[in-house]
Protein chains: 2
Amino acid sequence: MASPTEAQSYDIPDFKFQDGTRLSNVRLVYRDINPSATKIALLPTCFRGRVGTTLTFADGALKNYRVIVVAIFGNGESASPSNTKGFPQSIDYRDCVRAQHILLTEHLRIKAVDAVIGFSMGGQTAYYWAAMFPDFVRDVVVICSSARTSRHNYQFLEGPKAALENAADYSAEDSASQGQRGLNAFGKAYSAWLTSHEWFEQELYKELGFETLQEWDKATTDTNYQGWYANDMLAKLRMWQNGDISVCTEAGSLEEALRRIKNRILLLPCQTDQYFSWRASARESQYLEFAELDIIPSVWGHIAGGGTNKRDTEWMDKRISKFLVHPS
Amino acid sequence: MASPTEAQSYDIPDFKFQDGTRLSNVRLVYRDINPSATKIALLPTCFRGRVGTTLTFADGALKNYRVIVVAIFGNGESASPSNTKGFPQSIDYRDCVRAQHILLTEHLRIKAVDAVIGFSMGGQTAYYWAAMFPDFVRDVVVICSSARTSRHNYQFLEGPKAALENAADYSAEDSASQGQRGLNAFGKAYSAWLTSHEWFEQELYKELGFETLQEWDKATTDTNYQGWYANDMLAKLRMWQNGDISVCTEAGSLEEALRRIKNRILLLPCQTDQYFSWRASARESQYLEFAELDIIPSVWGHIAGGGTNKRDTEWMDKRISKFLVHPS
């Protein structure tokens, strides 16, 4: 195991968000693992990720790397509606990437990173890094994610969003309120998307230590939402729905934006992911100049990419290790 | 076109539901198309089906049939929480089938039906017919459905259910209230399941006359729920979640219950159905003695089976025609 690393934070003074909101102080929370290593990897968190729970590959593919895990805006650690007065309703992946770039360059005095690796919303953030700072990052690994949120994915997110916004205890104004009923309804509307038909059929929740579907449901739709805030979830969710790297460039289309990326990029969708479809990754790979595409052969669906089971995690770790070795 | 047929109704006196509730009067609504024909087909409605909107095949495969479309309990036409005082909270497919059997034998004086054909919840009802009255029905056609609701399907339904039950305007006591916000949240949580990733990718809502995803969303999650009632939806949804034909027999398992079915049965799942997976139908077909399995080759997902597009409807119509011809 990598030695446990405390979360640290950096307050960016005078940060301007994409929507025009200007805040005099915006916090980024991060973990800096193995900080004396020369090679550097950046790992942005996913939708419900914290810097302490994110899969880091720090014992495997990134063993010899300095691994910086950084919380995206809205996760409740970095600046979010729940912890920052005046936080914008509408955030954008570009806000996350620009803030992370400031953290790395101005606070940590880093001149370039060898790899940006992300899962899900972390993967979209990694894609934005390639589009916005192509010379600052060398390689990019995108796990169960996409350069643009698909229409299907967008529509799926409309479900949990509406469940939350219409809940009896939801308040758009009071971001310090958690809204427990709304979060539970959100969790329910989200839950069947996480894995796959075959995962349920094979009762693989048992591999996670749950005896019954009901026990898994309770943990997944209730317990796991404790400590999260309704308006934080919504801010991130809208950012996710609007994900599209073509807004970062002059490119008039996604295809053109993908063609402009010159970074080496590894796409690792999962075969049974119900919302970040491998078909979307396969389409993207056709436009990327230096892409490798490999499909995680798993019935764990989307969460295969998040470190939920050893087999898929080891598979990814090996694949990423191989990718990071440059032919010299 | 078959000539339009008025909906008719029959009030069953003194009906006892599976949960013990006894009502002195329980209404069934049905349409009787081409009533002078000798061959008879029964078509139970689906989750959001009305007797007037159900796909009947009456101009094709069932051209020479008397086609009886019957509304399942909870659809707002037949007895439902919204229109029947004291209607049970918990209903069961066995209630629907026993009531339909009474309608056919005692009111319409029918001694046997040549085919029971159903889509989705209608398909589950058809399966129950085979399990409960194997000698009363000859052939069975199950479209985008299953003999037992899969765990994945069950969990998907937890989403719309929780969205509705936690909505600001939901009342478990007042079944005459529609609960518009709750129904909208329900519709949102349901919407991305209806079709498939590729359907959204190819913007096939345009084939339905919608210019944009937003227009389709508005119709699908809002307009289409007008006239429906929250507690009606929940009664049907729970019946669906508990669907399992093995409760109808002494069989100890689903496999054994399937083995006991001696009817000819045609299973027509759709290749891209996200909740009634073709994989489940393929597994079921292994235990059925006289089953034919054919997979609708379509990106329209679940709703391919409901008559939403001409190509799939024609494909099914041909396949059902072929199936209904008995080798003599």
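Right above here is the structure, for reference.
In short, a report on the structure. Computed from a predicted structure; not experimentally measured. (Residues numbered from 1 in each chain as written. Chains lettered and ligands numbered in written order. Predicted model: local features only at pLDDT ≥ 70, side-chain atom pairs only at ≥ 80, totals over all residues. Heavy atoms only, no water.)

What follows is about the overall build of chain A. Along its length, chain A carries ten helices and eight strands. Taking 2.2 N^0.38 as the reference for a compact globule, 328 residues should give roughly 20 Å; the C-alpha atoms of chain A span a radius of gyration of 19 Å, in line with that estimate. C-alpha atoms of chain A, sized along the principal axes, occupy 55 × 50 × 45 Å. Looking at chain A as a whole, 61% of its 328 residues qualify as buried. Taking all contacts inside chain A whose residues are at least 6 apart in sequence as the whole, residues at least 24 apart take part in 75%. Counting only carbon and sulfur atoms, one obtains 47% of the accessible surface of chain A, whose full area is about 12600 Å². Computed over 35 positive and 39 negative side-chain charges, the inter-centroid distance for chain A is 4 Å. (Helix = DSSP H or I, 4+ residues; strand = E, 2+ residues; numbered from the N terminus. Rg over C-alpha atoms; globule rule 2.2 N^0.38 Å. Buried < 20%, exposed > 50% of the residue type's maximum accessible area, 1.4 Å probe, protein only. Contact = heavy atoms within 4.5 Å. Areas by Shrake-Rupley, 256 points an atom, 1.4 Å probe, with all protein chains shown as cover. Lys, Arg positive; Asp, Glu negative; His and termini not counted. Charge placed at Lys NZ, Arg CZ, Asp CG, Glu CD.)

Once that is clear, we can look at the relation of the copies chain A and chain B. Here chain A sits on chain B after a turn of 180° about the axis and a move of 0.0 Å along it, with an RMSD of 0.0 Å. What the rotation and shift describe, once combined, is the action of a two-fold rotation axis. With an isologous cut-off of 70% or more, the 100% of interface residues of chain A that recur at the interface of chain B puts this contact in the isologous class. (Least-squares fit on C-alpha atoms with pLDDT ≥ 70 in both.)

Once that is clear, we can look at helix H1 (residues 93-107) of chain A. All names here are of chain A. For H1, built from 15 residues, the straight-helix expectation of 21 Å at 1.5 Å per residue is met to within 8% by its first-to-last C-alpha distance of 20 Å. Buried within H1 are the following residues: Tyr93, Arg94, Asp95, Cys96, Val97, Ala99, Gln100, His101, Ile102, Leu103 and Leu104. A side-chain oxygen of the first residue of H1 lies 2.8 Å from the backbone nitrogen of Arg94; this N-cap is Asp92. Within two residues after H1, Arg109 carries a phi angle of roughly 55°, on the positive side. (Expected span 1.5 Å × (residues − 1). Polar contact = N/O pair within 3.5 Å; in protein donor to acceptor, adjacent residues only side chain to side chain.)

Residue and element names in this part refer to chain B. Within the open sheet, the eight strands sit side by side as E1-E2-E4-E3-E5-E6-E7-E8. Their pairing is mixed. Either end of the sheet is taken by a strand with one partner, and the two such strands are strand E1 (7-16) and strand E8 (291-293). On average, each strand axis in the sheet is inclined to that of its neighbour by 20°, with strand direction left out of account. Across six bridges, strand E5 (residues 113-119) lies against strand E6 (residues 137-143) in parallel orientation. From the neighbouring strand, Phe119 faces E6, where its bridge partner is Ile143. (Pairing = 2+ DSSP bridges. Axes fitted to C-alpha atoms, helices over the stretch in contact; angles between N-to-C directions.)

A separate point is the interface of chain A and chain B. Contacts between chain A and chain B engage 38 residues on the former and 38 residues on the latter. For the chain A and chain B pair, buried surface summed over both sides reaches about 3300 Å², with 52% attributable to carbon and sulfur atoms. The largest contributions to the chain A side of the interface with chain B come from A:Arg151, A:Gln155 and A:His197, which together make up 22% of the buried area. Where chain A meets chain B, there are ten salt bridges. For A:Arg151, the salt bridge goes to B:Glu203, with nearest N and O atoms at 3.5 Å. Our count for the chain A to chain B interface comes out at 27 residue pairs in polar contact (both at pLDDT 80 or more). Only helix H3 (151-165), helix H4 (180-191), helix H5 (197-201), helix H6 (213-221) and helix H9 (278-285) of chain A provide two or more residues apiece to the side of chain A that touches chain B. Counting residues per element, the side of chain A that touches chain B draws most heavily on H3(A), which supplies ten residues. (Buried area = accessible area lost by both parts, 1.4 Å probe. Salt bridge = Lys/Arg side-chain N within 4 Å of Asp/Glu carboxyl O.)

Glancing now at the sheet that holds strand E6 (residues 137-143) of chain A. What links the strands of a sheet is backbone hydrogen bonding, and the strands pair in either a parallel or an antiparallel sense. All names here are of chain A. One open sheet holds the eight strands; their spatial order is E1-E2-E4-E3-E5-E6-E7-E8, and the pairing between them is mixed. A single partner strand is all that each edge strand has here, and the edge strands are strand E1 (7-16) and strand E8 (291-293). Between one strand axis and the next, the sheet turns through 20° on average, direction left out of account. Of the strands in this sheet, E1, strand E2 (22-33), strand E3 (39-44), strand E4 (65-70) and strand E5 (113-119) touch H1, which is tilted by about 110° from E1.

Every regular strand shows the same layout, with side chains that alternate between the two sheet faces. Residues and elements named next belong to chain B. Burial analysis of strand E4 (residues 65-70) places six of its six residues in the buried class, the great majority of the element. Taking every second residue as pointing to the same face, both faces of E4 are buried, with Tyr65, Val67 and Val69 on one and Arg66, Ile68 and Val70 on the other. In this structure, strand E2 (residues 22-33) lies alongside E4, joined through four bridges in antiparallel fashion. What sits directly across from Asp32, in E4, is Ile68.

Take the pattern of salt bridges next. Residues and elements named next belong to chain A. Scanning the entire structure with this criterion turns up 46 salt bridges over all chains. Among the ionic pairs, Asp32 bridges to Arg66, the shortest N-O distance being 2.7 Å. Residue Asp32 is found in strand E2, and its partner Arg66 is found in strand E4; the two are separated by 34 residues along the sequence. The same class applies to Asp32 as to Arg66, namely buried. A salt bridge links Glu203 to Lys206, with the nearest nitrogen and oxygen atoms 3.4 Å apart. Salt bridges here are not isolated pairs; linked through shared partners, they connect Arg138, Asp139, Arg264, Glu292, Asp294 and Arg319.

We now examine the packing of H3(A) against helix H4 (residues 180-191) of chain B. Two numbers describe how H3(A) lies on H4(B): the axes approach to 6 Å, and their chain directions differ by 155°. Overall, the two elements H3(A) and H4(B) adopt an arrangement that is roughly antiparallel. Our pair here, H3(A) against H4(B), has a crossing hand that is left-handed. Contacts between H3(A) and H4(B) involve A:Gln155, A:Glu158, A:Gly159, A:Ala162, A:Ala163 and A:Glu165 from the former and B:Arg181, B:Ala185, B:Lys188, B:Ala189 and B:Ser191 from the latter. Its residues placed into classes, the contact of H3(A) with H4(B) shows four nonpolar, three polar and four charged. (Parallel < 35°, antiparallel > 145°, perpendicular 65-115°, else oblique. Left-handed = near helix turned anticlockwise from the far one by under 90°. Nonpolar A, V, L, I, M, F, W, Y, C, P; charged D, E, K, R; others polar.)

All names here are of chain B. Looking at where Ser80 falls in the secondary structure, it is placed in the loop between E4 and helix H1 (93-107). Classification of Ser80 as buried rests on a relative accessible area of 0%. A distance of 3.4 Å separates the side chain of Ser80 from the backbone nitrogen of Asn75, its partner in a polar contact. Within the structure, the side chain of Ser80 is placed 2.7 Å from the backbone oxygen of Ser78, a separation counted as a polar contact. Ignoring any residue separated from it by four or fewer positions in sequence, one finds Ser80 in contact with Gly74, Asn75, Phe87 and Asp232.

One full turn of an α-helix is made of 3.6 residues, so residues set three or four places apart face in the same direction. Residues and elements named next belong to chain A. Across its twelve residues, helix H7 (residues 230-241) extends 16 Å between first and last C-alpha, which sits within 8% of the 16 Å expected from 1.5 Å per residue. Counted residue by residue, H7 has eleven buried out of twelve residues, so it is predominantly covered. Among all positions in H7, only Ala230, Asn231, Asp232, Met233, Leu234, Ala235, Lys236, Leu237, Met239, Trp240 and Gln241 are buried. Buried residues in H7 make contact with H1, helix H2 (121-132), H3 and H4.

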